[in-house]
Amino acid sequence: MAQAMDMMARIRDRAVVLTQSEERLVAELVKAPRDVALLSAAAFAERAGLHEATCSRLARKLGYDSYAAFRRAMQQAYLGGEPATRMASTLSEAGEDPLRHLIALETASLGRLTDHVDAAQIAAAAEILDGRRVFVFAHGNASVLAAQAERRLQRMAVDVRMLEGSARDLAETALGITGQDAVLLFAFRHQPPGYAALMDRARQVSARTLVIADEVGPLLRPAAEGMLAAPRTGVPDGFQTLTVPMLILNALILALGRRSEAISSLSDLGALIASFEADGVTRK
């Protein structure tokens, strides 16, 4: 509510300098703020029968650096927070067929993946983890990929430790990291809490570090020794999926699987599964 009031106060304070065209945009905003908050500059202008540049001029007159900043402010004011904003934005773009919309987005993102991550980078990343105990760290939605990494690495007889829980839990687990270990971290959208402290600990003991990330990758500080970063499906202000980083993780696992030890471990796993099933344990 306070943000919506601030938006209206900005409009009132600058009303005297608005042109007739800009006033038409304001009228559309006041009439349907939730709808307008989802619109691009081109769509907003089309809605009011105006040129796109008018939207940019209105944004600047209201004190925003760009139309994108103006739209973010509208979304915060009228859509009630970041998760709701991202979902609403994507639903607006998807229309009545979200499945087809997501397929198109995923196809485009995967088609561009090799512009950001190539085979040599995957091989170098695998070398960072190869033959080492691996500590895995993630926060929020990225925890899904951390769990997948843990399970796949365990199948190859890699000693995996999850870094999760409270500050005390993280500290107690991180205390065991040594120079013979590697830390695999996942980071999406923002630098996750605990990232810097964990990287500092890894550096103190000379452990190797690898990050799987989206656009935030190059901004992470301290930087990891290795980084596999590519844009995820969707847009920064919209709903984003884990398809791209999941594919990167799977490529990394396959690269590690080239080791003879990994193949041997998977063979042993198959034999053990059969043994437990023969003893009455149900397969899941």
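Residues numbered from 1 in each chain as written. Predicted model: local features only at pLDDT ≥ 70, side-chain atom pairs only at ≥ 80, totals over all residues. Heavy atoms only, no water.

Undergrad: For the overall build of the protein, give the residues involved together with the corresponding values.
TA: Assigned secondary structure in the protein consists of 14 helices and five strands. For the protein, with 284 residues in total, the buried portion stands at 42%. Of the contacts formed within the protein by residues at least 6 apart in sequence, a portion of 69% connects residues at least 24 apart. A total accessible area of about 15,400 Å² is found for the protein, and carbon and sulfur atoms account for 55% of it. (Helix = DSSP H or I, 4+ residues; strand = E, 2+ residues; numbered from the N terminus. Buried < 20%, exposed > 50% of the residue type's maximum accessible area, 1.4 Å probe, protein only. Contact = heavy atoms within 4.5 Å. Areas by Shrake-Rupley, 256 points an atom, 1.4 Å probe, with all protein chains shown as cover.)

Undergrad: Account for the confidence of the model for the protein, naming residues and giving values.
TA: Averaged over the protein, the pLDDT score is 86; the fraction of residues at 70 or greater is 87%. Per-element confidence in the protein ranges from a low mean pLDDT of 56 for helix 7 (residues 82–94) to a high of 98 for strand 1 (residues 133–137). (pLDDT = per-residue confidence, 0-100.)

Undergrad: Mind laying out the packing of helix 9 (residues 119–129) against helix 13 (residues 243–257), listing which residues take part and the relevant values?
TA: Two elements in contact, helix 9 and helix 13, have axes whose closest approach is 9 Å; the angle formed by their N-to-C orientations is 65°. When you trace helix 9 past helix 13, the crossing you get is right-handed. Contacts between helix 9 and helix 13 involve Ile122, Ala125, Ala126 and Leu129 on the former and, on the latter, Ile248, Ala251, Leu252, Ala255 and Leu256. Here the residues of the contact of helix 9 with helix 13 are counted per class, giving nine nonpolar, no polar and no charged. (Axes fitted to C-alpha atoms, helices over the stretch in contact; angles between N-to-C directions. Left-handed = near helix turned anticlockwise from the far one by under 90°. Nonpolar A, V, L, I, M, F, W, Y, C, P; charged D, E, K, R; others polar.)

Undergrad: Which residues make up the pattern of salt bridges, and what values do they have?
TA: By the definition in use, this model includes eight salt bridges. The residue Arg47 makes a salt bridge to Glu28 at a minimum N-O spacing of 3.0 Å. Here Glu28 lies in helix 2 (residues 20–31) and Arg47 lies in helix 4 (residues 41–48), a separation of 19 residues in the sequence. Look at Arg47 and you get partly exposed, because its relative accessible area is 36%. Judged by its relative accessible area of 14%, Glu28 is buried. A network of salt bridges, in which partner residues are shared, links Glu28, Lys31 and Arg47. (Salt bridge = Lys/Arg side-chain N within 4 Å of Asp/Glu carboxyl O.)

Undergrad: Explain the nonpolar core to me, using residue names and the numbers behind them.
TA: If you look at the biggest cluster of nonpolar residues, it comprises 34 residues, and the most contacted ones within it are Leu129, Leu153, Phe186, Leu210, Ile212, Leu228 and Ile248. Among the secondary structure elements, those contributing two or more residues to this core are helix 9, strand 1, helix 10 (143–155), strand 2 (160–163), strand 3 (181–187), strand 4 (208–213) and helix 13. Of all the elements, helix 13 adds the most residues to this core, at six residues. (Core = buried A, V, L, I, M, F, W, Y, C linked by side-chain atoms within 4.5 Å.)

Undergrad: Can you break down the sheet that holds strand 5 (residues 226–229) residue by residue, with the values?
TA: A sheet is described by the order of its strands in space; here five strands give the open sequence 2-1-3-4-5, paired in parallel fashion. If you trace the sheet from one side to the other, it starts and ends with strand 2 and strand 5, each paired once. Shown here is a sheet whose adjacent strand axes are inclined to one another by a mean of 20°, direction ignored. When strand 1 meets strand 2, the two strands line up parallel, connected through four bridges. Residue pairing in the sheet places Val134 in a bridge with Val160 of strand 2. Strand contacts of helix 11 (residues 167–174): strand 1 and strand 2, with the helix running at about 150° to strand 2, the strand carrying the most contacts. (Pairing = 2+ DSSP bridges.)

Undergrad: Which residues make up the packing of aromatic side chains, and what values go with them?
TA: Scanning all chains against the criterion turns up three aromatic pairs. Measuring from centroid to centroid gives 5.6 Å for Tyr64 and Phe70, while their planes differ by 45°, and the two rings are tilted. The burial state of Tyr64 is the same as that of Phe70; both residues are buried. Taken together, a centroid distance of 5.7 Å and an interplanar angle of 70° make the contact between Tyr67 and Phe70 edge-to-face. Of this pair, Tyr67 and Phe70 both sit in helix 6 (residues 67–78), three residues apart, which is roughly one turn of the helix. In terms of burial, Tyr67 and Phe70 fall into one category: buried. (Phe/Tyr/Trp six-rings, centres within 6.5 Å; stacked < 30°, edge-to-face > 60°.)

Undergrad: Just give me the short version of helix 2, but keep the residues and values in it.
TA: The end-to-end C-alpha distance of helix 2, which contains 12 residues, comes to 16 Å, matching closely the 16 Å that a straight helix rising 1.5 Å per residue would cover. Within the span of helix 2, buried status applies to Glu22, Leu25, Val26, Glu28 and Leu29. In an axial view of helix 2, the angular spread of the buried residues amounts to 160°, which keeps them on one side of the axis. Seen from the open side of helix 2, the exposed residues pointing more than 90 degrees away from its buried face are Gln20 and Lys31. (Expected span 1.5 Å × (residues − 1). Arc of directions from axis to C-beta.)

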